[in-house]
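Residue strings, one per chain:
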Amino acid sequence: MSLTGNILEIKDLTVQVSGKKILNNVSLNIPEGEVHILFGPNGSGKSSLILTVLGIPSYKVVSGSIFFKDKDITHMPINERVKLGISIAFQNPPAIRGIKLGGILERLTADKKAVGNLMEKVKFPQELLDRDVNLGFSGGEVKKSEILQVLAQNNEFIMFDEPDSGVDIENLQVVGTLINEMLSEKSALLITHQGHILRYVNADKAHVLINHTIVCSGEPVNILTQILNEGYGWCMKCPKTMRPQ
């Protein structure tokens, strides 16, 4: 257990890609066992934040720090961060030719029966296990493939990049309900643009990222309602009690 009670602590984080600033003085704490939502308009830096937490090399930390379970991971390589307990479900994961989905899942779980149980949870077609990862998959199947892989990793902290994008209503319910179940004893940061996933996922807190920095934090449904009613401009003038300290 973390000494601070936070599984993730981001402190005054500024990040550049190819010399361009894409995050500016971002601070964010996620307590253990909590699910946080990240809202923001396109291009605000939402995906950049989780890719920086993951440790993608092209995302250069100019200043600030990232702590995971009290350990400074700011300059730690990706594989070491994953070993500590960080997973990610990408918004648009690539198709990978020559690598079967079933092979990845069995390597992650080392148990064919466990793979079958995971597939049953996700309502994933058995025949897709023998296909190359995400090759020719529908939008809903790609999302379920990502969740299968995250489930198989069984890490403590999961980041989701817009799991509700490109998913039809029926699959959204399946994906959202499954995410909510899998987070019952985990911590997470979940990016959503439209907020549809909140119909099914119980979240503890939401943050709004605009112009590469967090401008507002608060109760998820309240913030989503304000955004839907007044747009992101409301977040720039939100009450002082909802601004990052």
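Since the structure is predicted, the reported quantities are computational estimates derived from the model, not experimental observations. What you see as residue numbers is a count from 1 along each chain, following the sequence as written. Local features are withheld for residues below a pLDDT of 70 in this predicted model, meaning they are given only at 70 or higher, and side-chain atom pairs are given and counted only at 80 or more; totals for whole chains, interfaces and linings count all residues. The side-chain numbers reported here are obtained from all heavy atoms of the structure, hydrogens and water having been left aside.

Draft legend 1. Region of the structure containing the overall build of the protein chain. Numbering of helices and strands starts at the N terminus; helices are DSSP runs of H or I of at least 4 residues and strands are runs of E of at least 2. Secondary structure summary: the protein chain contains 8 helices and 12 strands in total. Note that the radius of gyration is over C-alpha atoms, with the globule rule given as 2.2 Å times the number of residues to the power 0.38. For the protein chain, whose C-alpha radius of gyration is 18 Å, the value lies close to the compact-globule estimate of 18 Å for 245 residues. C-alpha atoms of the protein chain, sized along the principal axes, occupy 50 × 40 × 35 Å. Residue exposure (1.4 Å probe, protein chains only): buried if accessible area is under 20% of the type maximum, exposed if over 50%, otherwise partly exposed. The buried share among the 245 residues of the protein chain stands at 50%. Contacts between residues were defined by any pair of non-hydrogen atoms, one from each residue, lying within 4.5 Å. For the protein chain, long-range pairs separated by at least 24 residues make up 69% of all intrachain contacts whose partners lie at least 6 apart in sequence. Throughout, the Shrake-Rupley method with a 1.4 Å probe supplies accessible areas, and for residues the shown protein chains are the sole cover considered. Carbon and sulfur atoms make up 49% of the accessible area of the protein chain, which totals about 11900 Å².

Draft legend 2. Local environment of the layout of surface pockets. One number sums up the size of the largest pocket: a volume of about 350 Å³. Ile-88, Phe-90, Glu-146, Gln-149 and Gln-153 are the residues nearest the centre of the largest pocket, which is lined by 19 residues in total. Broken down by secondary-structure element, the contributors of at least two residues to the lining of the largest pocket are α2 (78–84), β6 (86–89), α3 (101–109) and α5 (139–153). It is α5 that provides the largest number of residues to the lining of the largest pocket, a total of 4 residues. When residues are sorted by character, Ala, Val, Leu, Ile, Met, Phe, Trp, Tyr, Cys and Pro go into the nonpolar class, Asp, Glu, Lys and Arg into the charged class, and all the rest, Gly among them, into the polar class. For the lining of the largest pocket, the class distribution of residues is 13 nonpolar, 5 polar and 1 charged. Points on a 1 Å grid, built from protein atoms alone, make a cavity when a 1.4 Å probe fits but cannot get out and make a pocket when they are open with protein on both sides within 12 Å along at least 5 of 7 lines; residues with an atom within 4 Å of a point are the lining residues. Grid points are joined across faces, edges and corners, and a volume is the space filled by probe spheres set on the points.

Draft legend 3. Summary view of the packing of aromatic side chains. Aromatic pairing here means that ring centres of Phe, Tyr or Trp (its six-membered ring) are within 6.5 Å. Orientation follows from the plane angle: under 30 degrees is stacked, over 60 is edge-to-face, and everything else is tilted. Inspection of the entire model under this criterion finds 1 aromatic pair. With centroids separated by 6.0 Å and ring planes inclined at 55 degrees, the aromatic side chains of Phe-68 and Phe-157 adopt a geometry described as tilted. Residue Phe-68 is found in strand β4 (residues 60–68), and its partner Phe-157 is found in strand β9 (residues 157–161); the two are separated by 89 residues along the sequence. Exposure remark for Phe-68: the relative accessible area of 1% places this residue in the buried category. Judged by its relative accessible area of 0%, Phe-157 is buried. Only when the NZ of Lys or the CZ of Arg is both within 6 Å of the ring centre and within 35 degrees of the ring normal is a charge said to sit over the ring. The ring of Phe-67 carries the charged tip of Lys-11 above its face, separated from the ring centre by 4.8 Å.

Draft legend 4. A look at the nonpolar core. Ranked by size, the top nonpolar core spans 45 residues in total, and within it Phe-39, Phe-160, Ile-179, Met-182, Val-208 and Cys-235 carry the most contacts. Ignoring any residue separated from it by four or fewer positions in sequence, one finds Met-182 in contact with Ile-147, Val-150, Leu-151, Ile-158 and Phe-160. Grouped together as the second largest cluster of nonpolar side chains are 30 residues, Val-53, Val-61, Ile-73 and Met-76 included. The term nonpolar core refers to a set of buried residues drawn from Ala, Val, Leu, Ile, Met, Phe, Trp, Tyr and Cys, joined through side-chain atoms within 4.5 Å.

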